[in-house]
Amino acid sequence: MPNNAFRLSFIDHSVYVSHTGNGNFNKSSSPTSGSVKVTNAVELTLTANGAGANILNPGDPAKPGRIDFFAALKTRNPTFTKIGELTGTIQLKTGGVPLFDCKSAGKDTFFVPDKGNLIARSDFQLDLQFDQKTVTSVNFPMRLSLPWQFNAAATTMLLGTELFVDGTSVASVAQNKPFDLPMRHTNVPDDGVPNDPTDHPLLTFYGIGRLYARNNAQLGSQKIRFQGHRVRVVLHQSVITRFVGTNVPLQSLVGAIEATLQDAGFGTNVDVQHNAAAQTRANAVFMPINGVPVSVNMQAAHRSSFAASVIAGTGGAGITFQDTEVVNVDFFDFFVYAVSGDPSGDELGRSEMLLPITGSTHGGIVGAGGRNPQKALLKAIEICVGSSTTGVGGALAKIITTDHVNLVASTICHEIGHSFGLRHSLSFDSGNTKYTINPPKGKTSKGVMGPGSIVLGASNVGPFPAEFFGPVHVSVIRDQFL
Ligand SMILES: [Zn+2]
């Protein structure tokens, strides 16, 4: 049994967010009418409990101490995941005031995060502060990555701690009483763009620090049946010509795309194809017009203006298409092309474009509820080559060559994610009272549906790890397709 002589607890640094109805919000340190509690930071503090055997007496020399951090979704029987551990020394000063010191031996002792996928991949982040009286650190504030988990029926996460003295537990997770972290944000504008409810509706997002929506951006809510299908990603020859080489070996790229889509919930039913037969399939449905892979059925009078409009970022606005101008392809087939240039804004590529043709349901899906759902496409996925400073080229120039595969694979999977109707992830920027695609300074975005500009915008870029779909988006994929 834990010794029971100490208690770790968190001082609440939550803010109460009240939305102004147009995507902006105000924040307050106390609840207001209709406000939502958002926890950005917690402050760790230690108290003496005065119970149990005396593992440390007042005035005793400091002993080695350790604080383990845990988190779990708040369900009836929470399953805690270890987040990481903090080491230092612990003592009871004369008079009985406890001190957990991370600055022992004259230097800060760094937090060691857990290496498991739930933590290593996560961009759910919380600032951990120290009261600097009973728990001290010069590494302040520290950032905790919370497990990348989501359950629509349990949208509060618990943060727990366990304290050890000389390797012996003296305060268990239950004794320290886990702290509630709400994950739900209401009235968040899509893409973080306020005052534009038509293109950027106000939605509910979930997460801690980094947030994800469950609403489908283009398909509606009807289930589209994956059973009996495979996700087939065709890499057009242009992708191989423009991106594959010494730093992006073809098999590594194939493996990285497959790993991301498998992890999203499609299991082993994922193929990335690039052989001659795949090129023939691509050429049967799309033709490059100024590089833009346009439906082979598009009437000649529309092709050039459509391609120009896509390149300009207006997506064919103003062109009235006939139903016959699309190609119908299996919903789970994705054709990926490389194109010159750079899309505007935060993107590194451009997604498929569906046309809601007569008789189609859910934004261009044909046979959504049946065995063979298809997409009515005006164009395929494009990955923008850019230059040495723009687009994927510019991003690659800023990261180490061993991460190039991850960037190209993530960009392709990002555009596939849009085909599944997934929206961009956002950051809650408490300091500037807004939601932003790019994370605030010092914070990160690790999910596939985050911004490509995280690489382009930074002057000093660290590793670009393999990216995966975040747990909220995985729940959307599971609910809608699997
Ligand atoms: Zn995007």
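Worth saying up front: this structure is predicted, and the values here are computed from it rather than measured.

Conventions used here
Residues numbered from 1 in each chain as written. Predicted model: local features only at pLDDT ≥ 70, side-chain atom pairs only at ≥ 80, totals over all residues. Pairing = 2+ DSSP bridges. Helix = DSSP H or I, 4+ residues; strand = E, 2+ residues; numbered from the N terminus. Domains from an automatic or database assignment. Contact = placed C-beta atoms within 7 Å. Axes fitted to C-alpha atoms, helices over the stretch in contact; angles between N-to-C directions. Parallel < 35°, antiparallel > 145°, perpendicular 65-115°, else oblique. Left-handed = near helix turned anticlockwise from the far one by under 90°. Nonpolar A, V, L, I, M, F, W, Y, C, P; charged D, E, K, R; others polar.

## Section: the pairing of strand 21 (residues 286-289)
So, step 1. Taken together, the four bridges between strand 21 and strand 22 (residues 292-295) define a ladder with antiparallel strand orientation. By the bridge assignment for strand 22, I289 is matched with V292.
So, step 2. Between the end of strand 21 and the start of strand 22, which pair antiparallel, lie two residues, with N290 showing a positive phi angle near 50 degrees.

## Remarks on the domain arrangement of the chain
So, step 1. Taken domain by domain, the chain consists of domain 1 (7-185) and domain 2 (210-480).
So, step 2. Of note, the centres of domain 1 and domain 2, computed from C-alpha atoms alone, are 38 Å apart.
So, step 3. Of the residues lining the interface, 17 residues belong to domain 1; the matching set on domain 2 comes to 16 residues.
So, step 4. The dominant element in the side of domain 1 that touches domain 2, judged by the number of residues it contributes, is strand 3 (residues 25-28), at three residues.

## Topic: the sheet that holds strand 1 (residues 6-12)
So, step 1. Pairing in this open sheet of four strands is mixed, and the strands run 1-5-10-12 from one edge to the other. Each edge of the open sheet carries a strand with a single partner, namely strand 1 and strand 12 (142-145). Here the strands of the sheet are splayed against their neighbours by 35 degrees on average, with no regard to which way each runs.
So, step 2. Inspection of the sheet shows strand 5 (residues 41-48) paired to strand 10 (residues 125-130) by four bridges, in the parallel sense. When the sheet's bridge partners are listed, A41 is paired in strand 10 with D127.

## Remarks on the sheet that holds strand 24 (residues 333-339)
Sheet strands pair via backbone hydrogen bonds, and the direction of the pair is either parallel or antiparallel.
So, step 1. Within the open sheet, the five strands sit side by side as 20-19-24-29-25. Their pairing is mixed. Both outer strands of the open sheet, strand 20 (270-273) and strand 25 (349-350), are each paired with one neighbouring strand and no more.
So, step 2. Relative to strand 20, strand 19 (residues 231-235) runs parallel, the two sharing four bridges. The residue bridging V234 from the neighbouring strand is Q273, located in strand 20.
So, step 3. Helix 4 (residues 250-266) contacts strand 19 and strand 20 of the sheet and is inclined by roughly 155 degrees relative to strand 20.

## Focus: the environment of G267
So, step 1. By the secondary structure assignment, G267 is in the loop between helix 4 and strand 20.
So, step 2. For the pair G267 and S35, spaced 232 residues apart in the sequence, the C-alpha separation amounts to 40 Å.

## Quick look at the packing of helix 7 (residues 391-398) against helix 8 (residues 404-419)
So, step 1. Where helix 7 meets helix 8, the axes come as close as 10 Å, and the angle between the chain directions of the two elements is 150 degrees. Comparing their axes, helix 8 and helix 7 come out roughly antiparallel. Considering only the axes of helix 7 and helix 8, their crossing is right-handed. Packed against helix 7, whose contacting residues are V392, A395 and L396, the element helix 8 presents H404, L407, V408 and T411 at the interface.
So, step 2. Tallied by class, residues from the contact of helix 7 with helix 8 come to five nonpolar, two polar and no charged.

## Brief notes about the packing of helix 4 against helix 8
So, step 1. For the pair helix 4 and helix 8, interaxial distance at closest approach is 9 Å and the crossing angle is 50 degrees. Looking at the two axes, helix 4 sits oblique to helix 8. You can see that helix 4 and helix 8 cross each other, and the crossing is right-handed. Across the interface between the two elements, S252, L253, A256, I257, T260 and L261 from helix 4 touch V405, N406, V408, A409, I412 and C413 from helix 8.
So, step 2. Broken down by class, the residue content of the contact of helix 4 with helix 8 amounts to nine nonpolar, three polar and no charged.

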